[in-house]
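Commentary on secondary and tertiary structure
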Amino acid sequence: MKSIIVTGPGTTDVVEVPQPAPGPKDALVKVRACGICGSDGFYVQIGGIPPLQGATPLGHEPAGEIVAVGAEVTGLRVGDHVVVNPIGPGGGMIGSGGPQGALSEYLLIEDAAPGVNLAVMPPEVPFHVAALNEPMAVARHAVNRTGVKPGDKVAVFGAGPIGLGAAIGFKLSGASHVVVIDIQPARLEKALAVGADAVVNSADEDVAARLAELHGPGATAFGKPRAGTDVYLDAAGAPAVIATALANAKHLATLGIVAVHKKPVEVPFGDLLDAEVNIVFSMGYPDEIFQVTEEIADHWEQFAVIVSDTFPFEKAQDALTVAATPGAADKVVVTFG
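Bear in mind that the values here come from a model prediction, so they are computed numbers and not experimental data.

**Quick notes on the pairing of strand β10 (residues 177-182)**
In terms of burial, β10 is largely enclosed, as six of its six residues are buried. Burial of the side chains of β10 extends over both faces: His177, Val179 and Ile181 are buried on one face and Val178, Val180 and Asp182 on the other. Inspection of the sheet shows strand β9 (residues 153-157) paired to β10 by five bridges, in the parallel sense. The residue bridging phenylalanine 157 from the neighbouring strand is isoleucine 181, located in β10.

See below:
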């Protein structure tokens, strides 16, 4: 079968590798779609992940179809459409340093079990949408980490795939109002399309004034005026986001950080004492990988908006280039025939 491999710093190749054969407890999945993540570009840049540096299989956002199951497998059958936990048991860190990558024609899932390393997706959900399962689990974990409650008012900074997924997750969690903040008009249009109640273009609008207008007044413990926003989420990774959120945070507001900050960020803790801001961080998806599967199944048309570009597997290397080019695309998914 064919597989995309990182062969050196900045280089990938399509190579022929043996097609795996399932044992009695295993399932063989024909990959039908695989999303491209920012970390894929990083793995390419550094030449792969040790000890497979120079030979690292890529791809960890798969959706596919079961084409073979072992005799001892229960709850799964040939023809099931499935999503995969790439860091779950039986896969070996798919696409992140393990022996398999999902930018391949087939994946072997050892000790296959629904709800453990695979989950069945309804067949009406397009594969390129189902392939959002892994990144949307990242977004859902960020939502869960903030402790959002029904009725809360939320501000999401960053309308990339994770920010958009979080906006959907906040609404599904009962948030009464979700505003998404970005500087790109096209991304803000997508935010409205996935169900955000309002958007703010921080390039030409006063974010503090708009939040006060949209979420009403709030205050710190000592009565300093603030916006009435209950939860802020940084899905952008810009220092200005942290500064803006903290400057507007009312008493006991929560700031969640799911974005990756590559440089230190200055935080004026002394100025925040009377706000008693809760600051939480979010990484990965310890419990959400299949929680979000049901949400995608029920609301797949909303999630579909997040996908900006699809490429056939024959052009997967072009897809990697586009995904790694700033501003070229939002969410790229490779599809298989």
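**Comments concerning the state of the cysteines**
Across all of its chains, the model carries zero disulfides by this definition. Left without a disulfide partner, cysteine 34 is nearest to the cysteine sulfur of cysteine 37, which lies 9.8 Å away. Judged by relative accessible area, cysteine 37 falls into the partly exposed class, the value being 24%.

**Some thoughts on the packing of helix α3 (residues 133-145) against helix α9 (residues 291-298)**
Where α3 contacts α9, the axes come no closer than 9 Å and their chain directions differ by 110 degrees. The angle between α3 and α9 places the two elements in the roughly perpendicular class. Residue-level contacts link Asn133, Met136, Ala137, Arg140 and Asn144 of α3 to Gln291, Val292, Thr293, Glu295 and Ile296 of α9. Residues of the contact of α3 with α9, tallied by class, amount to four nonpolar, four polar and two charged.

**A word on the nonpolar core**
Across soluble globular proteins, nonpolar side chains have a tendency to be buried as a group. Val154, Phe170, Val178, Val180, Ile296, Phe303 and Ile306 are the most contacted members of the largest nonpolar core, which has 48 residues in total. Residue assignment for this core shows that the elements contributing at least two residues are α2 (127-130), α3, β9, α4 (161-172), β10, α5 (185-193), β14 (231-234) and α9. Broken down by element, the residue count for this core peaks at six residues, all from α3. The residues touching phenylalanine 170, leaving out its near neighbours within four places in the chain, are Val143, Thr146, Val148, Val154, Val156, Ala175, Val178, Val231 and Leu233. Leu76, Ile109, Ala112 and Phe336 belong to the second-largest nonpolar core, a separate cluster that totals 32 residues.

**A word on the side chain of arginine 210**
Relative to the helices and strands, arginine 210 resides in helix α6 (residues 207-215). Arginine 210 gets classed as buried once you look at its relative accessible area, which sits at 18%. Residues in contact with arginine 210, not counting those within four places in the same chain, are Val199, Val200 and Glu205.

**Quick notes on the sheet that holds β14**
Strand order across the open sheet formed by six strands is β11-β10-β9-β14-β15-β16, with parallel pairing between neighbours. Looking along the sheet, the strands with just one partner apiece sit at the ends: β11 (198-201) and β16 (278-281). The sheet shows a mean angle of 20 degrees between the axes of neighbouring strands, direction not considered. Lying on the sheet, α4 is in contact with β9, β10 and β14; it crosses β10 at an angle near 170 degrees.

**Here's the deal with empty space enclosed by the protein**
Going through the model one piece at a time under the given rule, you end up with one cavity of 30 Å³ or more. Here the largest cavity defines a volume of roughly 30 Å³. Around the largest cavity, the lining residues are Met136, Arg140, Gly165, Ile168, Gly169, Val292, Glu295 and Phe303. Taken together, the elements giving at least two residues each to the lining of the largest cavity come down to α3, α4 and α9.

**Structural notes on the packing of aromatic side chains**
Evaluation of the coordinates by the stated rule reveals two aromatic pairs. Plain terms: the ring middles of phenylalanine 42 and tyrosine 43 are 6.3 Å apart, the flat faces sit at 55 degrees to each other, and that makes the pair tilted. Between the aromatic rings of phenylalanine 313 and phenylalanine 336, the centroid separation amounts to 4.5 Å while the plane-to-plane angle is 20 degrees, which identifies the pairing as stacked. Placement of the pair is phenylalanine 313 in the loop between β17 (309-312) and α11 (316-323) and phenylalanine 336 in the segment after β18 (332-335), with a sequence separation of 23 residues.

**Details of the layout of surface pockets**
The calculated volume of the second largest pocket comes to roughly 160 Å³. Along its surface, the second largest pocket is lined by Ile242, Leu255, Ile257, Ala259, His261, Lys263, Val265, Val267, Phe269, Ile279 and Phe281. If you list the elements that add at least two residues to the lining of the second largest pocket, you get β15 (254-257) and β16. Along the lines of polarity and charge, the residues of the lining of the second largest pocket split into nine nonpolar, one polar and one charged.

**So, the environment of proline 286**
Tracing the sequence through the fold places proline 286 in the loop between β16 and α9. Look at proline 286 and you get exposed, because its relative accessible area is 57%. As for proline 286 and valine 138, which are separated by 148 residues in sequence, their C-alpha atoms are 9.1 Å apart.

Analysis parameters
- Along each chain, residues carry numbers from 1 onward, in the same order as the chain's sequence is written.
- Given that this is a predicted model, residues contribute local features only at a pLDDT of at least 70 and side-chain atom pairs are listed and counted only at 80 or more, while totals for whole chains, interfaces and linings are drawn from all residues.
- Calculation of side-chain values draws on the structure's entire complement of heavy atoms; hydrogens and water are dropped beforehand.
- Partly exposed residues are those whose accessible area sits between 20% and 50% of the maximum for their type, while under 20% is buried and over 50% is exposed, using a 1.4 Å probe and protein chains only.
- Each helix corresponds to a stretch of at least 4 residues labelled H or I by DSSP, and each strand to a stretch of at least 2 residues labelled E; elements are numbered beginning at the N terminus.
- For two strands to be treated as a pair, DSSP must find at least two bridges joining them.
- Two cysteine sulfurs form a disulfide in these notes if their separation is within 2.5 Å.
- Helix axes are fitted to C-alpha atoms over the stretch in contact, other axes to C-alpha atoms as well, and angles between N-to-C directions run from 0 to 180 degrees.
- Should an angle lie under 35 degrees it is considered roughly parallel, over 145 roughly antiparallel, and from 65 to 115 roughly perpendicular; all remaining angles are considered oblique.
- Residues count as neighbours in contact if any of their non-hydrogen atoms are within 4.5 Å of one another.
- Residues are sorted three ways: Asp, Glu, Lys and Arg are charged, Ala, Val, Leu, Ile, Met, Phe, Trp, Tyr, Cys and Pro are nonpolar, and all the rest, Gly among them, are polar.
- Each nonpolar core is a collection of buried residues, namely Ala, Val, Leu, Ile, Met, Phe, Trp, Tyr and Cys, held together in the definition by side-chain atoms within 4.5 Å.
- Site definitions follow a grid-based scheme: protein atoms alone, a 1 Å grid, a 1.4 Å probe that fits but cannot get out for cavities, and for pockets an open set with protein on both sides within 12 Å along at least five of seven lines, plus lining residues having an atom within 4 Å of a point.
- Grid points are joined across faces, edges and corners, and a volume is the space filled by probe spheres set on the points.
- A pair of aromatic rings is counted whenever rings of Phe, Tyr or Trp (Trp by its six-membered ring) have centres within 6.5 Å, and the orientation is called stacked for planes under 30 degrees apart, edge-to-face for over 60 and tilted otherwise.

So yeah, pure geometry; function would need other evidence.
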